[in-house]
Amino acid sequence: MTQSVTCGIDDVFAPGHVGELTQVIPTELVDAVLEETGTRERRLRLLPSRVGVYFVLALGLFEHLGARLVWGKLVAGLAAAVPQTSEKALRDVRRRIGAAPFQRLFEVLAGPLAQPSTPGVRYRRWRTVAFDGCGSLNVPDHERNRSWLGRTPRRHGPSGYPRLMLMTLCETGTRGLIAAAFGTASKGETDYAHDLVHRLTSDMLLLADRAFDSNKLLADIAAQGAQFLIRATSTRRPPVLALLPDGSYLTRIGGVRLRVIEAEIRSRSADGDFGGTYRLLTTLSDHRTDPADRLVGLYHERWEIETAYLALRHTLLRGRVLRSKDPMGLTQEMWALLTIYQALRSMMVTAVETVSGCDPDRAGFTVALEAARDTVVSAAGTTAAAAPTGRPDLVGHIGTRVLRALLSKRRMRLSARIVKCGTSRYAVWNRDERPRDSTPIIAIVITVHPPALPTAHTSDRLATGRWGQVCRILTENFNQAMHARDIAGNLGLTASGRVLSGFNAQLCYWARNGRLVRTAPSTYKLPLPEVLTTSTEA
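Throughout, a residue's number is its position along its own chain's written sequence, starting from 1. Only residues with pLDDT of 70 or above have their local features reported here, since the model is predicted, and side-chain atom pairs are shown and tallied only from 80 upward, although totals for entire chains, interfaces and linings are computed over all residues. Side-chain measures here rest on the full set of heavy atoms in the structure, leaving out hydrogens and waters.

Draft legend 1. Examining the nonpolar core more closely. In this text, buried Ala, Val, Leu, Ile, Met, Phe, Trp, Tyr and Cys residues form a nonpolar core when linked through side-chain atoms within 4.5 Å. Here the term buried applies to any residue with accessible area under 20% of the maximum for its type, exposed to any over 50%, and partly exposed to those in between, with areas from a 1.4 Å probe on protein chains only. If you look at the biggest cluster of nonpolar residues, it comprises 77 residues, and the most contacted ones within it are Leu21, Leu57, Leu166 and Leu338. Secondary structure elements follow DSSP: runs of H or I no shorter than four residues count as helices, runs of E no shorter than two count as strands, and numbering proceeds from the N terminus. By residue number, the principal contributor to this core is helix H12 (residues 327–352), which donates 13 residues. Residue contacts are defined here by distance: any two heavy atoms, one from each residue, within 4.5 Å place the two residues in contact. In contact with Leu21, other than residues within four places in its own chain, are Leu61, Ile340, Ala343, Leu344, Met347, Ala372 and Ile398. Counting residues in hydrophobic clusters, the runner-up holds 32 residues, among them Val129, Ile221, Tyr249 and Ile253.

What follows is the structure, given as structure tokens:
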């Protein structure tokens, strides 16, 4: 590392900034994190650790540029004489700092961003949050990365690049991150979700897709005191304990008392009606305060986390492969990216909240990102400026740009799910019945269905034989759930273990085929008739 002119102590620290984002990540916080993680330099260098932290953060802002060009952005707006660094010196400062300070920085900044009164961030008294994973982060195809991450198997062979799995807990109203974990894709999304469950609190309502409906995960979420609304897999058949007036029913899964909502959602457009069937599991069991059709509409908010990944993967990274060629560098780079993303979201939400009644999802991430890059080049806003009233300026340059270019209110649209990649499972768009081009939605019809009809007709219940006898016994007992042993006793079967085992196997077979409902181990009742259906248009 060389320097062209003599630099003072203040000049050595001058490149330690990320423009106006320095107000969210101040030098005092960086110094405290370096001290906490034991990564502060022991002697003053031309590239102090504080400057190295801001340099790595700037790498996340300018992911499309090399290290020397990013350094040029940091020093372009400085009046002081600063060190002229080499590529090796910048690489060495990254190695010296490591990943720990960036993980700690993210943990300090992570968390809900919106005030309780901010529009679009709460359902009743709960803040809506979402789990999901992103498995499309490509990393350099280097031996050290492959030894950690491997290669993702595909139908036509392994993927071209090793891939990093990122799992986040996101505030849906602002798309800010509450927690994050990442690593090899061989570890499933559910395993990563278990690592983040402890960040849930009793004032949160979790929305999640059907990958997160395992019994243990549902029990762990409920143990945190958080509410949830999670889509169940199509193969799950929860027992029916009680039917509610709105068509939903109560059940018990993993020791947790839940409510199940089975609904068909149809989107009406000029090209026809499109939709599918959803089975939702929720801890909100009161149908009077939480109607089924309202919860089905709320579930759509889960997709806000996909928009967060769109901003991170395609706007901030521009779809590029990450730059680091070893696991330590990748870990450092990912925590720095997440820190920059969270800082941008924080400034966006702060600016939007100065406009009464404005929803945070109207703030454009691309606008905020380009404004932040401009402030890095000009070294503007590195300290909080005072407004004419004497108070700190909460909007600043980035917020002003965001407010000038607020997005219009979201329009309801639909299109086929397609990825322009020959090996993608979404590549053949005509397998999706929806139109390929984005089409406006005229109305959304939500129809809530009670538990499905049994496969046997009502007349079959009066049939002769063992099935007819079981139906009559359950009917005579007001269709109360009965243990297999009690049903066998009413049939006059012997109490031998072999006979009871065979009879229980017969009842299990009828339950698998929909003739009976299993409410508990070896306990059955007849399915409820289909008598209730509600429909709502939005």
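Draft legend 2. Region of the structure containing the environment of Phe102. As for its position among the elements, Phe102 is in helix H6 (residues 100–109). For Phe102, a relative accessible area of 0% corresponds to the buried category. Once residues lying within four places of it in the same chain are set aside, the contact partners of Phe102 are Val53, Val56, Leu57, Ile97, Gln332, Trp335, Ala336 and Thr339.

Draft legend 3. Representation of the sheet that holds strand S15 (residues 482–483) in the model. Whether two strands pair depends on DSSP finding at least two bridges between them. Reading across from one edge, S15-S17-S16 is the order of the three strands in this open sheet, with antiparallel pairing throughout. Whereas interior strands pair on both sides, the edge strands pair on one side only; in this sheet they are S15 and strand S16 (517–520).

Draft legend 4. Here's a closer look at the pairing of S16. As defined by bridge partners, S16 adjoins strand S17 (residues 523–525) across three bridges and the pair is classed as antiparallel. Across the sheet, the residue bridging to Val517 is Lys525, located in S17. Linking S16 to S17, which pair antiparallel, is a turn of two residues; within it Ser522 sits at a positive phi near 60°.

Draft legend 5. Expanded view of helix H11 (residues 304–316). Under the convention used throughout, the expected extent of a helix is 1.5 Å for every residue step, that is, one less than its residue count. For H11, spanning 13 residues, the distance from its first C-alpha to its last is 17 Å, which sits close to the expected 18 Å at 1.5 Å a residue. For H11, every residue scored as buried is listed here: Glu304, Ile305, Ala308, Tyr309, Ala311, Leu312, Arg313, Thr315 and Leu316. For H11, the elements touching its buried residues are helix H3 (49–61), strand S2 (126–138), strand S5 (163–171), H12 and helix H13 (365–378). A positive backbone phi angle near 55° is found at Arg318, which sits one or two residues after H11.

Draft legend 6. Expanded view of the confidence of the model for the chain. Within a predicted model, pLDDT stands for the predictor's per-residue confidence, ranging from 0 to 100. Counting all residues, the mean pLDDT for the chain is 85, and 87% of those residues have values of 70 or more. Every residue in residues 453–463 scores below 50 in pLDDT, and together they form 19 contacts with partners more than four places removed in sequence or on other chains. In the model, residues 529–538 has pLDDT below 50 throughout and makes 31 contacts with residues more than four positions away in sequence or in other chains.

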